[in-house]
Amino acid sequence: YVHSPRIYKHLGSQKVVKGATKPEIRARTFSMKQVLRSIGSKVISNQSLDVQDRMMFVKSLLLSRCLHQADTWRVLGIQELEMVHGAIMGVYRSVLGLNRPGVEHVGDDEVLHQLQAMAPKVILTQVCVALFVRLVILEPLQLLLMLSAVAENKGSWLHKVYTDLEWLASFPTFASL
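Bear in mind that the values here come from a model prediction, so they are computed numbers and not experimental data. (Residues numbered from 1 in each chain as written. Predicted model: local features only at pLDDT ≥ 70, side-chain atom pairs only at ≥ 80, totals over all residues. Heavy atoms only, no water.)

Caption draft 1: Structural detail: helix α7 (residues 157–169). For α7, with 13 residues, the first-to-last C-alpha span of 18 Å sits near the 18 Å given by 1.5 Å per residue. The complete set of buried residues in α7 reads Trp 157, Leu 158, His 159, Lys 160, Val 161, Asp 164 and Leu 168. (Helix = DSSP H or I, 4+ residues; strand = E, 2+ residues; numbered from the N terminus. Expected span 1.5 Å × (residues − 1). Buried < 20%, exposed > 50% of the residue type's maximum accessible area, 1.4 Å probe, protein only.)

Have a look at this one:
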């Protein structure tokens, strides 16, 4: 008899035996909120610092600690995507000082426009496609063969890459490249 834990931590990520990403996403969104609480007022919400400098800090934080290994996530469900979206938009709102009590609500589009920031879905697409490009450039034949064998599986990472590329191609600026 071999005991197999339902959830375990591997290289800083929550792994679930059945392959679900929700525990990992919960951990990552919690991490974003934790970072916001610990250094939010000192850096992210500090109005004496330039917005561009704060956004550079936020981007590096999001792409390292907060979205660590998000490039390996499968296609997210609506609830999972909403969790990531809400956490990232909360950080963006903090940069603009919009998360304080009494401040009028500003829509996501306006926040993204004011910060010239990428939408959370675009960030997730960017990291996933970037990993795919790094893999393809290296040409590891055995890995590419394994990935292509499961490409039809809608829960596979390669299917996620496919849907991300398909989504990007739906925009005229990307389709013409």
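Now that the structure has been shown, we can carry on.
Caption draft 2: Quick peek at empty space enclosed by the protein. Evaluated as defined, the whole model comprises 1 cavity of 30 Å³ or more. Roughly 30 Å³ of internal volume is contained in the largest cavity. Met 32, Val 35, Leu 36, Ile 44, Val 58, Leu 61, Leu 62, Cys 66 and Val 91 together form the lining of the largest cavity. Counting only elements with at least two residues in the lining of the largest cavity, the list comes to α1 (22–44) and α2 (51–66). (1 Å grid on protein atoms, 1.4 Å probe; cavity = no way out; pocket = protein on both sides within 12 Å on 5 of 7 lines; lining within 4 Å. Points joined across faces, edges and corners; volume = space filled by probe spheres on them.)

Caption draft 3: Examining the side chain of Lys 160 more closely. Locating Lys 160 in the fold gives a position in helix α7. The contacts of Lys 160, once residues within four sequence positions are left out, are Trp 73, Arg 74, Val 75, Leu 124 and Cys 128. (Contact = heavy atoms within 4.5 Å.)

Caption draft 4: Fine view of unusual backbone geometry. Positive phi values are uncommon outside glycine, yet Gln 69 reaches one of about 65 degrees. Note on placement: Gln 69 falls in the loop between α2 and α3 (78–96). The phi torsion at Gln 116 lies on the positive side, around 50 degrees, for a residue other than glycine. For Gln 116, the position within the fold is in the loop between α4 (108–115) and α5 (120–138).

Caption draft 5: Highlighting the packing of α3 against α4. Where α3 meets α4, the axes come as close as 10 Å, and the angle between the chain directions of the two elements is 55 degrees. Between α3 and α4, the angle is such that the two are oblique. Seen along the crossing, α3 lies across α4 with a hand that is left-handed. Taking contact as the criterion, the partners of His 85, Met 89, Tyr 92, Arg 93, Val 95 and Leu 96 in α3 are, on α4, Asp 108, Val 111, Leu 112, Gln 114 and Leu 115. For the contact of α3 with α4, the per-class residue count stands at 7 nonpolar, 2 polar and 2 charged. (Axes fitted to C-alpha atoms, helices over the stretch in contact; angles between N-to-C directions. Parallel < 35°, antiparallel > 145°, perpendicular 65-115°, else oblique. Left-handed = near helix turned anticlockwise from the far one by under 90°. Nonpolar A, V, L, I, M, F, W, Y, C, P; charged D, E, K, R; others polar.)

Caption draft 6: Structural detail: the nonpolar core. Leu 67 and Tyr 92 are the most contacted members of the largest nonpolar core, which totals 30 residues. Of all the secondary-structure elements, those providing two or more residues to this core are α1, α2, α3, α4 and α5. Looking at this core, the element that brings in the most residues is α3, giving 8 residues. The contacts of Leu 67, once residues within four sequence positions are left out, are Arg 28, Met 32, Leu 62, Trp 73, Val 84, Ile 88, Ile 123 and Leu 124. Leu 147, Trp 157, Leu 158 and Val 161 belong to the second-largest nonpolar core, a separate cluster that totals 7 residues. (Core = buried A, V, L, I, M, F, W, Y, C linked by side-chain atoms within 4.5 Å.)

Caption draft 7: Structural context of the packing of aromatic side chains. A complete count under the given rule lists 2 aromatic pairs for this structure. With a centroid separation of 6.4 Å and an interplanar angle of 50 degrees, the aromatic rings of Phe 132 and Trp 157 are classed as tilted. Within this pair, whereas Phe 132 is found in helix α5, its partner Trp 157 is found in helix α7, the two being separated by 25 residues in sequence. Look at Phe 132 and you get partly exposed, because its relative accessible area is 22%. (Phe/Tyr/Trp six-rings, centres within 6.5 Å; stacked < 30°, edge-to-face > 60°.)

In short, shape yes, function no, at least from these values alone.
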